[in-house]
Number of protein chains: 2
Amino acid sequence: MTYQLHYWPNIQGRGEFVRLALEAAGASYTDVARGDPADEQGLPAMLHCVQDASLTRPPLACPVLVDGKQVIAQTATILLYLAPRLKLVGASEADRLWAHQIQLTILDAVDEAHNTHHPLGSGLYYEDQKPAARVAAQAFRTQRIPKYLNWLETVLARNPKADKQGGKHLVGARLSYVDLSLFQLVEGLLYAFPKATKRALKKTPLVLALRERVAQQRRVAAYLGSERRIPFNEDGIFRRYPELDA
Amino acid sequence: MTYQLHYWPNIQGRGEFVRLALEAAGASYTDVARGDPADEQGLPAMLHCVQDASLTRPPLACPVLVDGKQVIAQTATILLYLAPRLKLVGASEADRLWAHQIQLTILDAVDEAHNTHHPLGSGLYYEDQKPAARVAAQAFRTQRIPKYLNWLETVLARNPKADKQGGKHLVGARLSYVDLSLFQLVEGLLYAFPKATKRALKKTPLVLALRERVAQQRRVAAYLGSERRIPFNEDGIFRRYPELDA
């Protein structure tokens with residue numbers, strides 16, 4: 001079965017957390033909006049899915065995952081559904097809840113990163129809210145980035161398990177989808193706030209080490225080196241506006 | 001088994017979504033921070049739980065639910081865990097995922113409502129960000145409140161099932177925890193933005209009708225009339241600042 005992922009074709013955004021899980025597991029999937037309209041793909045196909053009036057359970061926004069008759073929106077819900085099928089989470093309810101709790105916390109950090117460049121609302125241009133963005137970004141850099149990274153460090157430090165090389169994961173002793181999400185969060189923060197994030201990462205060696213190991217996982221490394229990985233850019237969630245970093 | 005809920009004792013906040021589920025199901029629970037320190041309750045007990053250095057799976061913030069050895073944070077994760085146990089969601093995976101997707105979307109609306117009075121950061125006082133709050137609130141009132149309420153209306157309208165009186169629920173034909181969350185969202189919006197919300201609700205009769213039915217559910221009505229229901233106030237997520245409504 002080939003999964004269909006419906007997400008904006010020009011940004012990593014929230015869809016990237018789903019792409020990373022699918023890629024790391026070697027799953028067969030179509031990134032619909034990036035496909036060819038001749039194959040019933042492309043942006044119109046994505047918009048049709050998100051706006052499909054025949055769906056009795058309509059999504060509010062993308063990302064949307066389609067797996068046969070199952071249509072799921074909300075990044076964390078998609079990952080909750082996918083992870084057991086992709087073997088990217090343990091079998092116990094406790095492990096799955098813990099992973100989900102971490103995922104939601106990472107997505108809170110992602111939301112806050114977005115707010116730094118659009119504090120007054122996503123309907124306004126960045127250029128029209130730059131003074132507010134400077135204030136919001138300062139608070140995010142000095143308080144929130146350390147808070148989130150320190151918490152992830154604590155989670156890694158307290159995890160009693162490790163892999164054969166002694167490497168720590170967020171849940172249990174092997175790679176799970178939230179390790180991929182940690183990687184994506186750190187990548188995004190390093191792109192948008194390189195100075196502040198490098199400073200914070202000096203105090204979170206376990207986070208940094210896990211980020212490295214995820215980047216080196218065979219399938220993840222292949223994905224990151226491919227054209228399927230969309231570069232960070234200033235239309236996404238993590239944006240490099242030098243005036244917002246320090 | 002008595003559940004322990006750890007949440008701030010003076011606000012509804014995100015904890016209220018958990019309180020409503022526990023109350024509507026008639027579950028036995030302790031609202032720890034509101035209890036007596038002589039009974040090992042009160043605010044110190046809550047803070048101890050959230051900061052407990054012996055937890056191998058530490059929460060970042062409250063609400064935290066403790067059920068025996070299980071310690072769960074993140075509102076949506078708590079409800080994912082509780083709902084089947086409280087019989088507040090259907091048995092199928094599809095129903096549970098759909099309910100969870102709705103819950104996450106409602107919590108997105110709650111986050112955005114909070115941002116209206118703290119657009120520049122939750123570490124700053126409202127008084128220090130009033131001009132920004134006015135801009136953020138206008139966008140929220142005119143674009144986001146209608147967007148969320150219209151989506152919930154669409155979900156209700158497209159649900160092919162109804163209860164015996166013809167009443168619509170968000171998932172299936174009977175009360176689920178996301179109906180309670182819809183109620184709480186509407187209550188909060190009506191408190192914080194009465195003018196804008198009443199205007200939006202004129203176009204969402206099914207949302208309004210469901211809100212009324214939830215309020216009249218026997219256990220919910222008893223809870224809302226009790227001292228256990230903390231009144232809305234200006235320390236919570238939904239705050240009545242008249243200058244932010246129109």
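Residues numbered from 1 in each chain as written. Chains lettered and ligands numbered in written order. Predicted model: local features only at pLDDT ≥ 70, side-chain atom pairs only at ≥ 80, totals over all residues. Heavy atoms only, no water.

**Some remarks on the pattern of salt bridges**
Residues and elements named next belong to chain A. The cut-off we apply is this: Salt bridges are counted wherever a side-chain nitrogen of Lys or Arg sits within 4 Å of a carboxyl oxygen of Asp or Glu. Under the DSSP-based scheme used, a helix requires at least four consecutive residues in state H or I and a strand at least two consecutive residues in state E, with every element numbered from the N terminus. A simple rule labels every residue: compare its accessible area, found with a 1.4 Å probe on the protein chains alone, to the largest value its type can have, and call it buried under 20%, exposed over 50%, or partly exposed in between.
Enumeration over the complete set of coordinates arrives at 24 salt bridges over all chains. The partner of Arg144 in a salt bridge is Glu112, and the shortest N-O contact between them spans 2.8 Å. In this pair, Arg144 sits in helix H5 (residues 130–158) while Glu112 sits in helix H4 (residues 93–117), placing the two residues 32 residues apart along the sequence. The class of Glu112 is partly exposed, set by a relative accessible area of 21%. A salt bridge links Glu243 to Lys130; its shortest N-O distance comes to 3.8 Å.

**What to know about the relation of the copies chain A and chain B**
Note on the chain copies: they are related by a rotation about an axis and a translation along it. Note the following rule: The least-squares superposition of copies is restricted to C-alpha atoms, and to residues with a pLDDT of at least 70 in both copies.
Laying chain A over chain B is done by rotating through 180° and shifting 0.0 Å along the axis; what remains is an RMSD of 0.0 Å. In symmetry terms, the pair is related by a two-fold rotation axis. Nearest to the rotation axis, the C-alpha of Pro119 of chain A is located 2.6 Å from it, this being the minimum over chain A.

**Topic: helix H5 (residues 130–158) of chain B**
The following threshold applies: Here, expected helix span is obtained from the residue count minus one, scaled by 1.5 Å. The seven residues ending at a residue and the seven starting there each receive a fitted axis; the angle between those axes is the bend at that residue.
End to end, H5 of chain B covers 40 Å across 29 residues, agreeing with the expected 42 Å (1.5 Å per residue, within 8%). When the local axis directions of H5 of chain B are compared, the greatest deviation, roughly 40°, occurs at Arg141 of chain B.

**Details of the environment of Val155 of chain A**
Rule in force here: Here a residue-residue contact requires only that any non-hydrogen atoms of the pair lie within 4.5 Å.
In this fold, Val155 of chain A is placed in helix H5. For Val155 of chain A, a relative accessible area of 1% puts it in the buried group. Discounting residues that sit within four places of it in the chain, Val155 of chain A has contacts with Trp98, Ile102 and Leu170 of chain A together with Pro58 of chain B.

**Thoughts on the interface of chain A and chain B**
As a reminder of what qualifies: Accessible area that two parts lose when put together, evaluated with a 1.4 Å probe and summed over both, is termed the buried area.
Contacts between chain A and chain B engage 47 residues on the former and 47 residues on the latter. Here chain A meets chain B over a buried area of about 4,000 Å², counting both sides, of which 56% is carbon and sulfur. Considering only the surface of chain A that becomes buried against chain B, Arg57, Leu60 and Arg158 of chain A emerge as the three largest contributors, covering 19% of it. Between the two partners, chain A and chain B, sit four salt bridges. For Arg57 of chain B, the salt bridge identified is with Asp95 of chain A, shortest N-O distance 2.8 Å. Residue assignment for the side of chain A that touches chain B shows that the elements contributing at least two residues are strand E4 (70–73), helix H3 (75–85), H4 and H5 of chain A.

**A short note on the sheet that holds strand E3 (residues 64–67) of chain B**
Residue and element names in this part refer to chain B. Just so we agree on the cut-off: Strands were regarded as paired on the criterion that DSSP finds at least two bridges between them. Each axis is a line fitted through C-alpha atoms, and for a helix only the stretch in contact is used; angles between axes span 0 to 180 degrees, taken between their N-to-C directions.
Spatially, four strands are ordered E2-E1-E3-E4 in an open sheet, and the strand pairing comes out mixed. One side of each edge strand has no neighbouring strand; the edge strands of this open sheet are strand E2 (29–31) and strand E4 (70–73). Mean inter-strand twist for the sheet, computed between neighbouring axes without regard to direction, equals 20°. Relative to E3, strand E1 (residues 3–6) runs antiparallel, the two being bridged by three bridges. Across the sheet, the residue bridging to His6 is Val64, located in E3.

**Considering the packing of helix H1 (residues 15–24) of chain B against helix H6 (residues 177–192) of chain B**
All names here are of chain B. Here is the rule we go by: Working definition: roughly parallel below 35 degrees, roughly antiparallel above 145 degrees, roughly perpendicular at 65 to 115 degrees, and oblique for all remaining angles. The sense of a crossing depends on the near helix, which, turned anticlockwise from the far helix by less than a right angle, makes the crossing left-handed and, turned clockwise, makes it right-handed. Here the nonpolar group is Ala, Val, Leu, Ile, Met, Phe, Trp, Tyr, Cys and Pro; Asp, Glu, Lys and Arg are the charged ones; every other residue, Gly included, is treated as polar.
Packing of H1 against H6 leaves a shortest axis separation of 9 Å and a crossing angle of 130°. Here H1 lies oblique to H6, going by the angle between them. As for the relative orientation of H1 and H6, their crossing is right-handed in sense. The segment H1 lies against H6, with Glu16, Phe17, Leu20, Ala21 and Ala24 engaging Leu180, Ser181, Phe183 and Gln184. Residues of the contact of H1 with H6, tallied by class, amount to six nonpolar, two polar and one charged.

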